[in-house]
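Below, each chain spelled out in residue letters.
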Number of protein chains: 2
Amino acid sequence: MTPTETVEAFIDAWNRCDVDAVNNAFADDALYHNIPMEPIHGREAIAQTVTGFIVGADAIDWQTHHIAANGNVVLTERTDSFDLKTGKSASVRVMGTFEIDDAGKIAKWRDYFDSVEMAREFGLGPGDSLGG
Amino acid sequence: MTPTETVEAFIDAWNRCDVDAVNNAFADDALYHNIPMEPIHGREAIAQTVTGFIVGADAIDWQTHHIAANGNVVLTERTDSFDLKTGKSASVRVMGTFEIDDAGKIAKWRDYFDSVEMAREFGLGPGDSLGG
């Protein structure tokens, strides 16, 4: 797969709520950084956060508006929507960068969004954590 | 110029604090949307906002970490830094999408960042406006 295809498959795995496929997409020493929050280091720690997001949702729909690659780096513009198990829905406007290693795994993932929009959409207060 | 070169020249114009070059980069009916805020329609309204940012700075340094194009759409990952005339400095982590028209002008520009980070860096309270 090309780096772009790797990212498209990753987003498709989110949209299937496929926890294993999402978690298997990361390199062992991957970095996942939701820019307004602290970065998460390593596949196991990332899996905890990612699994929290997925098991909290009845359905996930990430729409990719634009995707472009430069070598092994893939940039995306998306709207990430979740039907939450609480009965609410959440939708966040996001851009994200993915750096793909030679084995086709995600080595680095950085997502940029407004933390106020994220907190509002997920119904969180300032002290609550996200997906943890 | 390719769409990527157009965006690189635009960022370079910001880094020279070149108000005219920045404003001339937009199509007449351009859309500028800092995602956490309301979109700004049209070259004249955009010029007001953009000029406000530039004349408020002694120096501007936007670092482009990654840039990738898909047709006429160019995606960027940046850190946008300003030495403000107030004596403070401000630095915001940003991703932005640029849609370039056939004349080589910016038709649409969408920047994604955390509004909390932006307000903190620019020393603004919740009721203050940015760059206006």
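Residues numbered from 1 in each chain as written. Chains lettered and ligands numbered in written order. Predicted model: local features only at pLDDT ≥ 70, side-chain atom pairs only at ≥ 80, totals over all residues. Heavy atoms only, no water.

Novice: An account of the overall build of chain A is requested, with residue identities and associated values reported.
Specialist: Within chain A, the regular secondary structure consists of four helices and six strands. Over its C-alpha atoms chain A spans a radius of gyration of 14 Å, differing by no more than 12% from the 14 Å that the globule rule assigns to 132 residues. The C-alpha extent of chain A, read off along each of the three principal axes, is 40 × 30 × 25 Å. For chain A, the computed accessible surface area is about 6000 Å², with 48% contributed by carbon and sulfur atoms. Here chain A holds 10 positive side-chain charges and 22 negative ones, and the gap between their average locations is 2 Å. (Helix = DSSP H or I, 4+ residues; strand = E, 2+ residues; numbered from the N terminus. Rg over C-alpha atoms; globule rule 2.2 N^0.38 Å. Areas by Shrake-Rupley, 256 points an atom, 1.4 Å probe, with all protein chains shown as cover. Lys, Arg positive; Asp, Glu negative; His and termini not counted. Charge placed at Lys NZ, Arg CZ, Asp CG, Glu CD.)

Novice: Run through the sheet that holds strand E4 (residues 73–84) of chain A, naming residues and quoting values.
Specialist: Pairing between the strands of a sheet is mediated by backbone hydrogen bonds and can be parallel or antiparallel. Residues and elements named next belong to chain A. Strands sit in the order E2-E1-E6-E5-E4-E3 across an open sheet of six strands; the sheet is mixed. Here the strands that pair on one side only, and so sit at the sheet edges, are strand E2 (40–41) and strand E3 (57–70). Here strand E1 (residues 26–34) runs beside strand E6 (residues 106–112); their pairing, made up of five bridges, is parallel. Bridge pairing in E6 links Leu31 to Lys108. Across the sheet, helix H1 (residues 3–15) lies against E1, E3, E4, strand E5 (89–100) and E6, angled at about 170° from E3, the strand it touches most. The strands that helix H3 (residues 43–55) touches are E1, E2, E3 and E4; relative to E1, the one it contacts most, it runs at about 60°. (Pairing = 2+ DSSP bridges. Contact = heavy atoms within 4.5 Å. Axes fitted to C-alpha atoms, helices over the stretch in contact; angles between N-to-C directions.)

Novice: Please set out the relation of the copies chain B and chain A residue by residue, giving values where relevant.
Specialist: Superposing chain B onto chain A requires a rotation of 180° together with a translation of 0.0 Å along the rotation axis, leaving an RMSD of 0.0 Å. Taken together, the rotation and translation describe the operation of a two-fold axis. Closest to the rotation axis within chain B is the C-alpha of Asp114 of chain B, separated from it by 2.0 Å. Looking at the interface residues of chain B, 100% of them are also at the interface in chain A, so both copies use one shared face. (Least-squares fit on C-alpha atoms with pLDDT ≥ 70 in both.)

Novice: I'd like a description of the interface of chain B and chain A, backed by residues and values.
Specialist: With 24 residues of chain B at the contact, the number on the chain A side is 24 residues. Both faces combined, the contact of chain B with chain A buries some 2000 Å², and carbon together with sulfur accounts for 59% of it. Seen at the junction of chain B and chain A, the total is two salt bridges. Here Arg110 of chain A and Glu77 of chain B are joined by a salt bridge, their closest N and O atoms 2.6 Å apart. Of all the elements in the fold, those that place two or more residues in the side of chain B that touches chain A are strand E3 (57–70), strand E4 (73–84), strand E5 (89–100), strand E6 (106–112) and helix H4 (115–121) of chain B. Considered class by class, the residues forming the side of chain B that touches chain A number twelve nonpolar, seven polar and five charged. (Buried area = accessible area lost by both parts, 1.4 Å probe. Salt bridge = Lys/Arg side-chain N within 4 Å of Asp/Glu carboxyl O. Nonpolar A, V, L, I, M, F, W, Y, C, P; charged D, E, K, R; others polar.)

Novice: Break down the environment of Asp29 of chain A for me, citing the residues and quoting the values.
Specialist: By the element assignment, Asp29 of chain A lies in strand E1. Between the C-alpha atoms of Asp29 of chain A and Ile46 of chain A, which are 17 residues apart in sequence, the distance is 9.8 Å.

Novice: Now, about the pattern of salt bridges: what can you tell me, with residues and values included?
Specialist: One pass over the structure, following the stated rule, counts 16 salt bridges over all chains. For the salt bridge of Arg93 of chain A with Glu117 of chain A, the shortest nitrogen-to-oxygen distance reads 2.6 Å. Placement of Arg93 of chain A in strand E5 and of Glu117 of chain A in helix H4 (residues 115–122) is noted, with a sequence separation of 24 residues between them. A relative accessible area of 29% means that Arg93 of chain A is categorised as partly exposed. A relative accessible area of 5% means that Glu117 of chain A is categorised as buried. A salt bridge links Arg16 of chain B to Asp12 of chain B; its shortest N-O distance comes to 2.8 Å. A relative accessible area of 40% means that Asp12 of chain B is categorised as partly exposed. Each of the salt bridges in this network shares a partner with another, and the network as a whole consists of Asp12, Arg16 and Asp18 of chain A. (Buried < 20%, exposed > 50% of the residue type's maximum accessible area, 1.4 Å probe, protein only.)

Novice: Provide a residue-level description of H4 of chain A, including the pertinent values.
Specialist: Helical geometry note: an α-helix holds 3.6 residues per turn, so side chains three or four residues apart project in the same direction. Of the positions making up H4 of chain A, those classed as buried are Ser115, Glu117, Met118 and Phe122 of chain A. Within H4 of chain A, the buried residues cover an arc of 160° as seen down the axis, which keeps them to one side. Those residues of H4 of chain A that are buried lie in contact with H3, E4 and E5 of chain A together with H4 of chain B. Within two residues after H4 of chain A, Gly123 of chain A carries a phi angle of roughly 65°, on the positive side. (Arc of directions from axis to C-beta.)

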